[in-house]
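# Coordinate inspection notes
Here is how the chains run, residue by residue.
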Amino acid sequence: MRILVTGAGGQVGRELAELCAARGDDVIAADRARLDATDRDAVLQACLSTRPDAVVHCASWTAVDACESDPDHAYAANALAARHVAEGATRAGAHLVHVSTDYVFDGTKPSPYDEWDVPNPQSVYGRSKWAGEQEVVQGAASWTTVRISWVCGQYGNNMVKTLLRLVRDGVDPKFVDDQIGHPTIVSDLVPVLRSFAVERRPGLFHVTNQGAVSWFEFAQSVFKAAGADVARVSPISTAELEPPRPAPRPANSVLDNAALRLSQLPLLPHFEESLARLVRQLDG
């Protein structure tokens, strides 16, 4: 199996490329230095010269607040790049697995969002990712879109690493208790991305770990996994954040993995089980 991974220097792309290599795949790990997905000619050349069986598009600009002040960059990285990758994958006869986000929803639904809920993004980041999803639908002959949320892995920057640094530095942090979601532990996610690529399974899937929590509760879970006193973490409301963040966050980011469940595909484990393993990895 030959798999082209875009964004292979990021936290999802890097673990995916490592997993594919370990499984015996012929992996083309294209980080940004090797492939700028906003460059159509470069994307087409990469796809047509390597002729992969599947392309997993992990490249994205995920700086949510920075997107607000630079929408052109956001749309180029998250929407136009998806157009180019969809075109390249189709020309090469490859199945495309596209990674998207919970930010396509406005967060006002009182229950978890399933794959058939209509997106209504409120931030530039969310709108650019929703545009990317539409580019995939319109431009790829064979595709899977996977929405994830609250992503944490062994590479790149993420909330688990931030919290472990606060533990080590003796900081007693405050985290919002009115934003809820499902954490996604990368080591659990990447086997699913690979299986969708190998099987060429079509459609839209929400793929997260189980267990809905607020950011406050998630921070407590990280402190607990690190052996720190959870009482050091205090709750705060979004309205009390100083300074306010430029990009609005969905209050409800809980993604129901309905398509997985109804397809009788395995769900990812509860996040606390995988979080403990990740904390052990990051703590050495």
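Preceding this paragraph is the structure being described.
Remember, it's a predicted structure, so these values are computed and weren't measured experimentally.

To continue, consider the side chain of Ser-274. Here Ser-274 lies in helix α10 (residues 271-282). Beyond its immediate stretch of four places on either side in the chain, Ser-274 contacts Ile-185, Asp-188, Asn-209 and Pro-269.

Counting residues in each nonpolar core, the largest one holds 26 residues, and the members touching the most others are Val-12, Leu-16, Val-146, Leu-193, Phe-196 and Val-207. Mapped onto this core, the elements with two or more residues apiece are β1 (2-6), α1 (11-22), β3 (54-57), β4 (95-101), β5 (143-148), α7 (186-199) and α9 (258-262). Broken down by element, this core gets its largest block of residues, 7 residues, from α7. Those residues in contact with Val-12 that lie beyond four places of it in its chain are Cys-58, Ile-148, Val-151, Val-186, Leu-189, Val-190 and Leu-193. Formed by 24 residues, the second largest nonpolar core is a distinct cluster that contains Trp-150, Val-160, Phe-175 and Leu-278.

This part is about helix α5 (residues 124-139). Compared with an ideal rise of 1.5 Å per residue, which puts 16 residues at 22 Å, α5 spans 22 Å between its outermost C-alpha atoms and is within 8% of the ideal. The set of residues buried in α5 consists of Val-124, Tyr-125, Gly-126, Ser-128, Lys-129, Ala-131, Gly-132, Glu-133, Glu-135 and Val-136. Structurally, α5 contributes buried residues whose contacts are with α3 (64-69), α4 (71-92), β4 and β5.

Our focus in this paragraph is the packing of aromatic side chains. Using the criterion set out here, one finds 7 aromatic pairs in the structure. A ring pair is formed by Trp-150 and Trp-215, whose centres lie 3.6 Å apart and whose planes are at 15 degrees; its orientation type is stacked. Of the two residues, Trp-150 sits in the loop between β5 and β6 (151-152) while Trp-215 sits in helix α8 (residues 215-225), which places them 65 residues apart along the sequence. With a relative accessible area of 10%, Trp-150 lands in the buried category. In this structure an aromatic cluster arises from ring pairing among Trp-150, Trp-215, Phe-218 and Phe-271.

Cut-offs and rules
Residues numbered from 1 in each chain as written. Predicted model: local features only at pLDDT ≥ 70, side-chain atom pairs only at ≥ 80, totals over all residues. Heavy atoms only, no water. Helix = DSSP H or I, 4+ residues; strand = E, 2+ residues; numbered from the N terminus. Contact = heavy atoms within 4.5 Å. Core = buried A, V, L, I, M, F, W, Y, C linked by side-chain atoms within 4.5 Å. Buried < 20%, exposed > 50% of the residue type's maximum accessible area, 1.4 Å probe, protein only. Expected span 1.5 Å × (residues − 1). Phe/Tyr/Trp six-rings, centres within 6.5 Å; stacked < 30°, edge-to-face > 60°.

This is a description of form; function is not addressed.
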